[in-house]
Amino acid sequence: MKHLLGGIASLCVLAGSAYAQQTTLTIGMQLEPPHLDPTSAAAAAIDEVVYANIYEGLTRFASDGSVVPGLAQSWEIAEDGLSYTFTLQEGVLFHDGSTLTADDVKFSLDRARGEDSTNAQKALFADIDSVNVVDDSTVEVTLIAPNGSLLFNLAWGDAVIVDQGFTEDAKTAPNGTGPFKFADWVQGDRVEIASNPDYWGEAAKLEGVTFKFISDPTAAFAALMAGDVDAFPVFPAPENLPQFEADPRFNVIVGSTEGETILSTNNQQPPFDDVRVREAVAHAIDRQAIINGAMFGYGTPIGTHFAPHNPAYLDLTANSDFDPEKSKALLEEAGYADGFTTTLKLPPPSYARRGGEIIAAQLRAVGIETEITNLEWAQWLEEVFRGKDYGLTIVSHTEPMDIGIYARPDYYFQYDDPVVQAMMKGLDAMTDADDRTAVLQAVQTRISENYVNGYLFQLAKTGVADARIVGLWENSPTQANDMTAVYWKE
Amino acid sequence: MRGLLVGGALAIVFLAAALLSLIWTPYDVEALDIAAKMQPPGGAHWFGTDHFGRDILSMIMVGARVSIAVALVAVGIGIGLGVPLGLAAATRKGSAFDEIIMRSNDLIFAFPSLLIAVMITAVFGPSALNAIIAIGIFNIPVFARLTRGAALSLWQREFILAARVAGKGPARISVEHILPNIANLLIVQGTIQFSLGILAEAGLSYIGLGVQPPTPSWGRMLADSQTLASLAPHLVLFPGFAIILTVLGLNLMGDGLRDLLDPRIRRARS
Amino acid sequence: MLRYALKRLISLGLSLVAASLVIFLSLEIVPGDPAAAMLGINAEPETLKALRIELGLDKPPLQRYLSWTSGMLTGDFGISYTYRAPVSQIILDRIWISLPLALLALLLSTLIAVPAGIWAATKRGSIADIAIVGTTQLGVAIPNFWFAVILVLIFAINLGWFSAGGFPGWAGGPLPALKALTLPAIALALPQAAILTRVMRSALLDTLGEDFMRTARAKGLSQRQAIWRHGFRNALIPVLTIIGLQFSFLLAGAIIIENVFFLPGLGRLIFQAIAQRDLIVVESVIMLLVFAVIVITFLVDLAYAWVDPRLRSRA
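Residues numbered from 1 in each chain as written. Chains lettered and ligands numbered in written order. Predicted model: local features only at pLDDT ≥ 70, side-chain atom pairs only at ≥ 80, totals over all residues.

**What about the overall build of chain B?**
Here is the rule: Only runs of H or I of at least four residues qualify as helices and only runs of E of at least two qualify as strands under DSSP, and these elements are numbered from the N terminus. Once C-beta atoms are placed from the backbone, each residue is buried if 20 or more other C-beta atoms lie within 10 Å of its own, exposed if 12 or fewer, and partly exposed for counts between those two.
A tally of regular secondary structure across chain B gives 10 helices and 0 strands. The linear arrangement of helices and strands in chain B, starting from the amino end, is α-α-α-α-α-α-α-α-α-α. For the C-alpha atoms alone, the extent of chain B along its principal axes is close to 75 × 45 × 30 Å. Taken across its 270 residues, chain B has 54% of its residues classed as buried.

**Quick notes on the overall build of chain C**
Test applied: The contact criterion used here is simple: two residues whose C-beta atoms, placed from the backbone, lie within 7 Å are in contact.
In terms of helices and strands, chain C carries 14 helices and 0 strands. Order of helices (α) and strands (β) in chain C, N terminus to C terminus: α-α-α-α-α-α-α-α-α-α-α-α-α-α. If one aligns the C-alpha atoms of chain C with their principal axes, the spans along those axes are about 85 × 60 × 35 Å. In chain C, which comprises 315 residues, the share counted as buried stands at 43%. Sequence separation of 24 or more characterises 68% of the internal contacts of chain C that already satisfy a separation of 6 or more.

**Details of the sheet that holds strand β7 (residues 138-143) of chain A**
All names here are of chain A. Formally: Strand pairing is defined by DSSP finding a minimum of two bridges between the two strands. Orientation is described by axes fitted as lines to C-alpha atoms, over the contacting stretch for helices, and by angles from 0 to 180 degrees between their N-to-C directions.
If you trace the 4 strands from one edge of the open sheet to the other, you get β4-β5-β7-β6, paired in antiparallel fashion. This sheet does not close on itself; its edge strands, each paired only once, are β4 (72-77) and β6 (128-135). Between one strand axis and the next, the sheet turns through 20° on average, direction left out of account. When strand β5 (residues 83-88) meets β7, the two strands line up antiparallel, connected through 5 bridges. Paired with Thr 87 across the two strands is Thr 138, which belongs to β7. Its contacts with the sheet place helix α3 (residues 102-113) against β5, β6 and β7, and it is angled at close to 170° to β6.

**Structural notes on the interface of chain A and chain C**
Interface size is commonly expressed as the accessible area that is lost once the parts come together. Stated precisely, the cut-off is as follows: Residues were grouped as follows: Ala, Val, Leu, Ile, Met, Phe, Trp, Tyr, Cys and Pro as nonpolar; Asp, Glu, Lys and Arg as charged; and all remaining residues, including Gly, as polar.
Across the contact, 38 residues belong to chain A and 38 residues belong to chain C. Elements that contribute at least two residues to the side of chain A that touches chain C include exactly α5 (217-226) and α11 (377-386) of chain A. With 7 residues, α11(A) is the single largest residue contributor to the side of chain A that touches chain C. Along the lines of polarity and charge, the residues of the side of chain A that touches chain C split into 16 nonpolar, 11 polar and 11 charged.

**Quick notes on the pairing of strand β12 (residues 250-265) of chain A**
All names here are of chain A. Among the 16 residues in β12, 12 count as buried, and that is most of the element. With 11 bridges joining them, β12 and strand β17 (residues 454-466) adopt antiparallel strand pairing. Bridging across to β17, Ile 262 finds its partner in Tyr 455. With 6 bridges connecting them, β12 and strand β16 (residues 392-397) associate as antiparallel partners.

**Considerations on helix α4 (residues 113-124) of chain B**
Residues and elements named next belong to chain B. So the rule is basically this: Here, expected helix span is obtained from the residue count minus one, scaled by 1.5 Å.
Taking 1.5 Å of rise per residue, 12 residues should cover 16 Å, and α4 covers 16 Å from first to last C-alpha, within 8% of that figure. Taken across its 12 residues, α4 has 9 buried, putting it largely inside the fold. Along α4, the residues that are buried comprise Ser 113, Leu 114, Leu 115, Ala 117, Val 118, Met 119, Ile 120, Thr 121 and Ala 122. Of the residues trailing α4, Gly 125 is marked for its positive phi of about 85°.

**A word on the interface of chain B and chain C**
Counting residues at the interface gives 29 residues for chain B and 32 residues for chain C. Among the elements of the structure, α3 (96-110), α4, α7 (170-206) and α9 (234-261) of chain B are those that each provide at least two residues to the side of chain B that touches chain C. Looking at the side of chain B that touches chain C residue by residue, the classes come out as 22 nonpolar, 5 polar and 2 charged.

**What to know about the nonpolar core**
Soluble globular proteins: nonpolar side chains tend toward being buried together. Let me state the cut-off plainly: Definition of nonpolar core: a set of buried Ala, Val, Leu, Ile, Met, Phe, Trp, Tyr and Cys residues joined via C-beta atoms within 7 Å.
Ranked by size, the top nonpolar core spans 313 residues in total, and within it C:Ala148, C:Val149 and C:Ile270 carry the most contacts. When residues in this core are grouped by element, the largest group, 18 residues, is from helix α2 (residues 56-91) of chain B.

**Some thoughts on unusual backbone geometry**
The omega torsion of the bond from A:Pro270 to A:Pro271 falls at 0°, within 30 degrees of zero and hence cis. Looking at the secondary structure, you find A:Pro271 in the loop between β12 and α7 (275-284). Following B:Pro213, the chain continues to B:Pro214 via a peptide bond in cis, the omega torsion being 5°. Looking at the element boundaries, B:Pro214 is found in the loop between α7 and α8 (218-225). Backbone geometry at A:Ala52 places phi at a positive 70°, although glycine is not the residue there. Locating A:Ala52 in the fold gives a position in the loop between α2 (44-50) and β2 (59-61).

**Brief notes about the environment of B:Met102**
All names here are of chain B. Note that Met 102 resides in helix α3. We classify Met 102 as buried; it has 20 C-beta atoms within 10 Å. Taking the C-alpha atoms as reference points, Met 102 and Ala 89, separated by 13 residues in sequence, lie 8.1 Å from one another.

**Quick word on the pairing of strand β10 (residues 208-213) of chain A**
Residue and element names in this part refer to chain A. Counting buried positions over the 6 residues of β10 gives 6, a clear majority of the element. Residue alternation in β10 divides its side chains into two sets, Gly 208, Thr 210 and Lys 212 and Val 209, Phe 211 and Phe 213, and both sets are buried. Taken together, the 6 bridges between strand β1 (residues 24-29) and β10 define a ladder with parallel strand orientation. Residue pairing in the sheet places Ile 27 in a bridge with Phe 211 of β10. Bridge count for strand β9 (residues 190-195) against β10 is 5 bridges, and the pairing is antiparallel.

**As for the confidence of the model for chain B**
Here is the rule: The quantity known as pLDDT measures the predictor's confidence residue by residue, on a range of 0 to 100.
Residues of chain B with pLDDT of at least 70 account for 96%, and the chain-wide mean is 88. Note that pLDDT drops below 50 for residues 265-270 of chain B; the model gives that stretch 2 contacts with residues more than four away or on any other chain.

**Brief notes about the environment of A:Ala378**
Looking at where A:Ala378 falls in the secondary structure, it is placed in helix α11. Taking the C-beta count within 10 Å as the criterion, A:Ala378 has 22 such neighbours and is therefore assigned buried. Each C-alpha atom, one on A:Ala378 and one on A:Pro347, is 9.1 Å from the other, the two residues being 31 residues apart in sequence. With residues near it in sequence (within four places) discarded, A:Ala378 still touches C:Gly32, C:Ala37, C:Ala275, C:Gln276 and C:Arg277.

**Focus: the confidence of the model for chain C**
With 96% of its residues at a pLDDT of 70 or more, chain C has an overall mean of 83. Here the predicted complex carries an ipTM of 0.86, next to a pTM of 0.84.

**Re the environment of A:Glu32**
Residue and element names in this part refer to chain A. Structurally, the position occupied by Glu 32 is in the loop between β1 and α2. Accessibility expressed as a C-beta count within 10 Å gives 24 for Glu 32, which makes it buried. Sequence separation between Glu 32 and Gln 187 is 155 residues, and the spatial gap between their C-alpha atoms is 8.5 Å. Residues contacting Glu 32, with those up to four places away along its chain left out, are Ala 45, Gly 188 and Phe 213.

**Here's the deal with the packing of α7(A) against helix α9 (residues 324-333) of chain A**
The description of two helices packed together rests on the angle between their axes and the distance between the axes. All names here are of chain A. Just so we agree on the cut-off: Should an angle fall under 35 degrees it is taken as roughly parallel, and over 145 as roughly antiparallel, whereas 65 to 115 is taken as roughly perpendicular and any remaining angle as oblique. Each crossing gets its handedness from the near helix: less than a right angle anticlockwise from the far helix is left-handed, clockwise is right-handed.
Running from amino to carboxyl end, α7 crosses α9 at an angle of 160°, the nearest separation of the two axes being 8 Å. Here α7 lies roughly antiparallel to α9, going by the angle between them. Considering only the axes of α7 and α9, their crossing is left-handed. Seen from α7, the contacting residues are Arg 276, Val 277, Glu 279, Ala 280, His 283 and Ala 284; seen from α9, they are Pro 324, Lys 326, Ser 327, Leu 330, Leu 331 and Glu 333. Looking at side-chain class alone, the contact of α7 with α9 contains 6 nonpolar, 2 polar and 4 charged residues.

Printed below as a string of structure tokens:
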């Protein structure tokens, strides 16, 4: 009944359009974005609304994770790898009607890397030496050193192109170039976007999309069942998925994310400065039990810090197979025959809270006692990430291709290994794909055999959608809800 | 009287369960058995198992211990600090000291209690101790105000006058004469605050601010199982019943005690 | 009377200053950097510094305290760190959920409690009285968040009569909005109704024993007439006091309920703001709530003093 009424209502609104075909969609999201400027905050919810829909960058991620042209229709890379010349798409208009020019690109990139920049991923632009306007539709980016990841870096939501008249107003009324325009924001409830008739590329199939914010998993379940939302691309409660799978009205979409979920270990804090203790922890953990108990079966076991769907991935789970006896033997060898007590600080997501309780029980079985503290993100950032005041923590590292963090000795797990540092340094200068793969695999093996962290599982993207919806991303190469190709089946 | 008996019986059941959990529970509440998760109530597990396969009856027993301990200490803080403050304020009625104490009381009352608890945890991190402090703070003005009011009316009485004439100082009179006469009042209020403390502890641990896992608490049991409610309602029902019955028992006991101990009501009844 | 009011007014002002100090100082010692909370784990130190300067967090505490308090006097609550919008605007948006919710809950609880309390009092000792008193005992003991979860389970998930939560806004007309507030209001109203019923019943029982009631009966009024004309009016004072207190409680105390039903009200705003270290929002909302309670208390005290002159000298 509610569905019918909703249908009639949208018919009235879209009086001009032909009947029957549904042209709007309501997407459920767990978190509401604080504002809609992807270039000045880390909140994934911002990208989940604006990425590819409202804002575009020079390059962009496709659904399979590959980097494809965005606002730049083509580019040329100089022989020495130190300069990239981008040619912009023609006839690109911002939603306020102004034309996109090379000046806007220069403004956006300079703003992101400038001294007073508040970009959450400023490191993406660290290798850029200068951005030069060649003519209205050509931009040259010069680098300090060759960087094989530049096109990849420019595809991030933090690198989208804004107009040079950017003001703080854009935080609540974004002005992008994408196939959808910002329409309305009812704070605390929903953001609405509408298709952009002046879009330079292929127009979106939907006339409008509503992003509805439902943080509570029970309510998310009820909202889908009642038809209040049509799709929940990142459904927060895996325990409810079997009910959706059994219901022909719904599709359960299980895909991969870039989230390596790891038991991060403070490598400088005794006893974790002893590799035998870290190995003991690794063998004490039964990954499958964690995937079953915390994620209700969704997730792929990993043995190193790398996404399994990446071609360069190595399956190293055998290095840290579940073997409590070996774990106890290692602890004894390291001088902890009677075990020890450490802290386990858990951020809010359920993979961490539930996974933490399971890991605590598994560690207790080999004699390691943990004191669990559940923290909010702000506290976690302060105590664990910045303060490095922890023994163990669980977190999913959702940035794509982030194995480089193992070359940063000041990173929160404090792994200081000159070998990995040298390998990653070499990687930056490489452009040959095979060479890069070889180095990446060497790093994977090194950190796996050094048991830097406990490698648990690759976070699955578990979404639920009305079975008649086509074109939603299955995987999550970046945190986004790309609506450009989504439509309703007849 | 009937209320007192029923309430007392309920309270004793939970107290006994809490004490028993110190030495024995049917299952280890910290051992997980994921293969046996979400079993409905039955022979092996009277109240069923949770999403990690833990025995819910055992968790409720340990949860009772947590709830009771937190609420009891919080009441203790309220009495320990509130009563002396109230007595002292009554000895110097109308003085600046009295005024400061009473205005501070008003000020504490004016703060939304739950928000203060959230803020305390933001500062010190979540733990049972901080839950106790958060609940205890709001017990102080309750007892201070109650004590001051009752003490003020006692100060007018002849036997106090006699004690003053005998040369006893206000502190000594407060302890020797006032305190014994307001003890009943404090017991009754203590019972009520105790039951409010149980509710508050459940609320705090429901939003994740109480005792930390793996130690079970009723509020967190509810929060953890909320998304599973449509699959396994017993996960939500049993902790809820535990909270309701304990609070109900304490309230009935409090009302019964008031009828029994408050001479004003007893006289009115007879 | 005027002198009494003046004295209370000064103490009200002092209380507000004390409250603002307590709030500001306690938030000063909250660990966690708002800038870090916003920029996440990949933020560079210099980026954090730039954002802190942009947010004005680099200024000394005293200066921030003074600019916060002086701003509040002119209605300027500052700019939210996370939402980058004026705090006063955010509060105004949210209050249109919290205020109607509190009023609805209060209305429900009063509509249940007053008749139930009167009925129980007039039929003292009857089965109806025992049943009502028993129900109130149960009502006080049920935690409202548990009750809320059960309501969602029954009426939203199983029966589908209401949505499980969320708020469509008032723009689409009052009906959908009121529908979204129904379950939360019921969950909030239940314990309040239980308390209020008890107060109503005992207040009425107290007045029934008073001399003027006996006089009224002696004048030939029926029991019912006597209750309506005299008893009810006299029992109203304690009942209204409780309703006043409950209102301020409901305004602030709905945090958990707003979370269960994910209503974007004041409680949820402040809960999220604490988690995100949006300290300026936290400060301002708490201050507003404290202000509301202090003022309501002040008005109640004044009303009492006006009714009962003896209180003026006593307080």
